[in-house]
Amino acid sequence: MKIVIADDDPIALELLKESLLADGHEVEAAENGRHALEMIQNGKARVLISDWEMPEMNGPELCRRVRAASDLSRYVFIILLTGRTSKSDVIEGLRAGADDFLSKPFDPVELQVRLGVADRITLLETRDLMIFCMAKLAESRDTDTGSHLERVRMYCRLLAEHLMSLAKFQGAPHMVDRDFVKMIYQTSPLHDIGKVGIPDAILLKSDRLTYAEYEVMKSHTLIGAETLGAALREFPNAKFLAMAREIAMSHHEKWDGSGYPQGLAGDDIPLAARVTALADVYDALRSERVYKSALSHEKAKEIIMGGSGRHFDPDIVAAFLANEGRFEAIATALADRVDVNMERMAA
Ligand SMILES: [Fe+2]
Ligand SMILES: [Fe+2]
């Protein structure tokens, strides 16, 4: 994490800095509150650890200034470092905008634990906002029918819940737990987010794509992975971004290695992408397009079964078959009223 620390005692400042650097954090050190505020405003720190008593601007005043800084687009988690432990001091610190306290002299283990809290809080705040914005962006370039993304995420959740019940997916290398189920529900709508980078002339073309155009269309997988990869570099602990990236990159891979963009096969294809692939194809088969009518559940099921071990992971096809009634129910409940003018050929 990027952390700004502030303390007017140079020895205390150095000790704290060393401890944070040893834990792999990036640290900027300020000898007073005013300098720390500048660092927060001009940098990218997400955490501030500040001493209470400092010349020029003390800890509580620094907290108030950070909270009042309207130009800060991110939440800064503030830990006040202090020997003050009375109730009135705690109240004053919290009122000023501190999130947590660390007693002075600090204990390195306690420091680590408090930073763990900071990491969780800042990530939570960022995550929901980020997913919401990205899903909106994905939707704006989605060429499939109205509720496609909503249906795909529901199919993904059904499949993942089924996998979670199987012994094979209860440990490495492909652990499916509650977190996985929740994350695939949140991130599968981002599978085609890379279409933001595909020119309209290709994305919206109603005629069949030429070979060269199809190659450009295929690059939506790489563009999506690159976009999410950039976010992941900023938040390396964000597991949902790692999953979203895998799905964007690999949802057109096929079990037998004949897919794109990397031609991965079998278990080399990330599990979340294998799940999304089936959900996405089932929905495409069940939906009307300018060039085809919607298929019945039975016909779509036949095609999916025919793709087992070729296009799809056989375990995921089995999960689909075990839940086919629910798939059909979702397809019916969330069916689109099709406006063929809105239909476009999808990759
Ligand atoms: Fe796609
Ligand atoms: Fe899709």
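Quantities reported herein were computed from a predicted structural model and do not represent experimental measurements. (Residues numbered from 1 in each chain as written. Chains lettered and ligands numbered in written order. Predicted model: local features only at pLDDT ≥ 70, side-chain atom pairs only at ≥ 80, totals over all residues. Heavy atoms only, no water.)

Visitor: For helix H13 (residues 297-306), give the residues involved together with the corresponding values.
Guide: Residues three or four positions apart in an α-helix share a direction because the helix packs 3.6 residues into each turn. Looking at H13, one finds that the buried residues are His297, Ala300, Lys301 and Ile304. Around the axis of H13, the buried residues are gathered within 100° of arc, so they sit on the same side. In this fold, the buried residues of H13 make contact with helix H12 (271-286), helix H14 (314-322) and helix H15 (324-333). (Buried < 20%, exposed > 50% of the residue type's maximum accessible area, 1.4 Å probe, protein only. Helix = DSSP H or I, 4+ residues; strand = E, 2+ residues; numbered from the N terminus. Arc of directions from axis to C-beta. Contact = heavy atoms within 4.5 Å.)

Visitor: Which residues make up the side chain of His251, and what are the values?
Guide: By the element assignment, His251 lies in the loop between helix H11 (239-250) and H12. Among the polar contacts made by the side chain of His251, one reaches the main-chain carbonyl oxygen of His191 at a distance of 3.5 Å. Polar contacts involving the side chain of His251 include one to the side chain of His252, which spans 3.0 Å. Ignoring anything within four residues of it in the chain, the contact list for His251 reads His191, Asp192, His220, Thr221, Ala273, Ala277 and Asp280. (Polar contact = N/O pair within 3.5 Å; in protein donor to acceptor, adjacent residues only side chain to side chain.)

Visitor: I'd love a proper account of the coordination of the iron ion (ligand 2), names of residues and values included.
Guide: Surrounding the iron ion (ligand 2) are the protein donor atoms His148 (NE2), His191 (NE2) and Asp280 (OD), which sit 2.2 to 2.3 Å from the metal. One chain supplies every donor to the iron ion (ligand 2), and in sequence these donors are spaced H-x42-H-x88-D. Taken as a pair, the iron ion (ligand 2) and the iron ion (ligand 1) show a spacing of 5.4 Å. Of this pair, His148 sits in helix H6 (residues 148-164) while His191 sits in the loop between helix H7 (178-187) and helix H8 (200-203), and the two are 43 residues apart along the sequence. The same class applies to His148 as to His191, namely buried. (Donors = N, O, S within 2.8 Å, 3.2 Å for Na, K, Ca; no water.)

Visitor: Talk me through the sheet that holds strand E3 (residues 47-51); I want residue IDs and the actual numbers.
Guide: Strand order in the open sheet formed by five strands is E2-E1-E3-E4-E5, and the pairing between neighbours is parallel. Edge strands, defined here as strands with exactly one partner in the open sheet, are strand E2 (26-30) and strand E5 (100-103). Strand after strand, the sheet turns through a mean of 20° between neighbouring axes, direction not considered. Judged from the four bridges that link them, strand E1 (residues 2-6) and E3 form a sheet pairing that is parallel. If you follow Ala6 over to E3, its bridge partner there is Ser50. Packed onto the sheet, helix H2 (residues 33-42) meets E1, E2 and E3 and runs at close to 145° relative to E2. (Pairing = 2+ DSSP bridges. Axes fitted to C-alpha atoms, helices over the stretch in contact; angles between N-to-C directions.)

Purely spatial values, then, with no claim about function.
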